[in-house]
Amino acid sequence: MTDTYRRIVLADRPVGEPTAANFALREEPVPEPGAGELLCRTIYLSLDPYMRGRMSEAKSYADPVAVGATMVGGTVSQVVKSNNPAFKGGDFVAGMTGWTEFAVDNGAAMRKLDPAQAPLSTALGVLGMPGVTAHTGLMNIGRPQAGETVVVAAASGPVGGMVGQIAKIKGCRAVGIAGSPEKCAHVVDVLGFDACVSHRDPGFRTALGKACPDGIDVYFENVGGAVWETVMPLLNPFARVPVCGLIAGYNMTELPPGPNKIPLMMRDVLTKRLTLRGFIVSDFLDQWPQALGEIAGWLREGKVAYREDVVQGLENAPEAFMGLLKGRNFGKLVVQVGHDPTA
Ligand SMILES: NC(=O)c1ccc[n+]([C@@H]2O[C@H](COP(=O)([O-])OP(=O)(O)OC[C@H]3O[C@@H](n4cnc5c(N)ncnc54)[C@H](OP(=O)(O)O)[C@@H]3O)[C@@H](O)[C@H]2O)c1
């Protein structure tokens, strides 16, 4: 084992789009675990859109990362040393140890992984937080009924991809929105959606209308911005909108220029009796085991597929994260930080 390890800290808070200068690589001696603690070696680090919010000081549902602290992040690690009887050296665990090659943790929020059940990296995507987000948001708020039309953007990503696939399992028409012809082809050909249209295509509005001939009953909101404005007029009476993410605005520094469209939107909410409900995946903590169990079953039965975009090396995490906010990833974005002995 090496004597030193690297971690990436928040060097500075971004204004608008994050830049390389907002991150700094630190090299330090590998720490010793104290009483009840474990030393973990990171294998995979998850990169997720919510991290942009944690880089800002703005009030949100979670505290910001402090300047100088390790960037927050979900990880899959191998236990190197354990002073905690619940874990032993060699165990594989999923936790929140952040952008780092090694971490000391008390294990309280860690779950053990069995590499014989699924590849380890899936604990960060299809069998992790994004998969559960799709499942709980769609089933609790979207409440899809057979024959209805379900639309989701960022459809080739881990949340959107799973939303559409669950919609299909529930007997719905699933329509994706994605950022390129390649992503749209994947969403239809591999994930099995009925249609997928590109929000970058100048004919987006017309194409979305054609893909939803009976209107939209559930719109799983992942992006906001221009996509939401295009979807809104297509919503049917009593449509449900789980508001999961607004990535189009995460780098926004000021409100877009007028006119003020809130009155029009509220008129639609009233006259169409729409339900819009924001949620955070942690609102449904009690449903995690059921959601993960159900997705694992669908995976075994070949009813759902997933795609990963794996970047090599912790030092490349900032660049990959900046790309995520612009749609450069294609599938669940994961950084391979260390050797995976099970691969
Ligand atoms: N509420 C919760 O608890 C929770 C939990 C997890 C995730 N989320 C949210 O769910 C959403 C999807 O997350 P994910 O992990 O599955 O991400 P992802 O799909 O892997 O990556 C984000 C995708 O968003 C799309 N995008 C970026 N900027 C956009 C823009 N201006 N307009 C339209 N699309 C844009 C890009 O896809 P295209 O190239 O296809 O446009 C990009 O690849 C995010 O908003 C995230 O914050 C919420």
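Residues numbered from 1 in each chain as written. Predicted model: local features only at pLDDT ≥ 70, side-chain atom pairs only at ≥ 80, totals over all residues. Heavy atoms only, no water.

Enquirer: Is there a simple way to think about the domain arrangement of the protein chain in this case?
Expert: Frequently, the measure chosen for interface size is the accessible area that the parts lose on association. Entries for the protein chain in the domain assignment read domain 1 (4–125 + 307–336) and domain 2 (129–299). Averaged C-alpha coordinates put domain 1 and domain 2 at centres separated by 27 Å. Counting residues at the interface gives 22 residues for domain 1 and 15 residues for domain 2. Summing both sides of the interface, domain 1 and domain 2 together bury roughly 1400 Å²; the carbon and sulfur share of this comes to 65%. Summed over the shared surface of domain 1 and domain 2, the result is zero salt bridges. Scanning the region where domain 1 abuts domain 2 turns up five residue pairs in polar contact (both at pLDDT 80 or more). (Domains from an automatic or database assignment. Contact = heavy atoms within 4.5 Å. Buried area = accessible area lost by both parts, 1.4 Å probe. Salt bridge = Lys/Arg side-chain N within 4 Å of Asp/Glu carboxyl O. Polar contact = N/O pair within 3.5 Å; in protein donor to acceptor, adjacent residues only side chain to side chain.)

Enquirer: Sorry, what's going on with the packing of helix 2 (residues 129–142) against helix 3 (residues 158–169) here?
Expert: The description of two helices packed together rests on the angle between their axes and the distance between the axes. In the contact formed by helix 2 and helix 3, the axes pass within 8 Å of each other and the chain directions differ by 45°. As judged from the angle between their axes, helix 2 and helix 3 are oblique. Remark: the crossing between helix 2 and helix 3 carries right-handed chirality. Mapping the contact onto sequence places Pro130, Gly131, Thr133, Ala134, His135, Leu138 and Met139 in helix 2 and Pro158, Val159, Met162, Val163, Ile166 and Ala167 in helix 3. Tallied by class, the residues present in the contact of helix 2 with helix 3 amount to 10 nonpolar, three polar and no charged. (Axes fitted to C-alpha atoms, helices over the stretch in contact; angles between N-to-C directions. Helix = DSSP H or I, 4+ residues; strand = E, 2+ residues; numbered from the N terminus. Parallel < 35°, antiparallel > 145°, perpendicular 65-115°, else oblique. Left-handed = near helix turned anticlockwise from the far one by under 90°. Nonpolar A, V, L, I, M, F, W, Y, C, P; charged D, E, K, R; others polar.)

Enquirer: Teacher, can you tell me more about the site of the ligand here?
Expert: Around the ligand, the surrounding shell holds 26 residues, and the nearest of these are Lys183, His199, Asn222, Val281 and Asn329. Separating an oxygen atom of the ligand from a side-chain N or O atom of Tyr250 is a distance of 2.8 Å. Taking Phe279, its main chain carries an N or O atom lying 2.9 Å from a nitrogen atom of the ligand. If you list the elements that add at least two residues to the shell around the ligand, you get helix 2 and helix 3. Class assignment of the residues belonging to the shell around the ligand gives a composition of 17 nonpolar, eight polar and one charged. When residues of the shell around the ligand are sorted by domain, at least three fall in each of domain 1 (4–125 + 307–336) and domain 2 (129–299). (Near = heavy atom within 4 Å.)

Enquirer: Explanation requested: the pattern of salt bridges in the structure shown.
Expert: Should their charged atoms come close, side chains of opposite charge can pair. All told, the structure shown has 12 salt bridges when counted by the stated rule. Of the charged contacts in the structure, one is a salt bridge between Glu17 and Lys326, with a shortest N-O distance of 3.1 Å. A residue pair is termed long-range when its members are at least 10 positions apart, and Glu17 in the loop between strand 1 (4–10) and strand 2 (23–29) and Lys326 in the loop between helix 9 (317–324) and strand 15 (332–336) qualify at 309 residues. A relative accessible area of 45% places Glu17 in the partly exposed class. (Buried < 20%, exposed > 50% of the residue type's maximum accessible area, 1.4 Å probe, protein only.)

Enquirer: How should I be thinking about unusual backbone geometry in this particular structure?
Expert: Leave glycine aside and you will find that most residues have negative phi; peptide bonds, for their part, are mostly trans. A cis amide bond, omega 5°, links Gly258 with the succeeding residue Pro259. Despite not being glycine, Arg143 shows a phi value in the positive range, around 40°. Positionally, Arg143 belongs in the loop between helix 2 and strand 8 (149–153). Overall, the relative accessible area of 41% leaves Arg143 in the partly exposed class.

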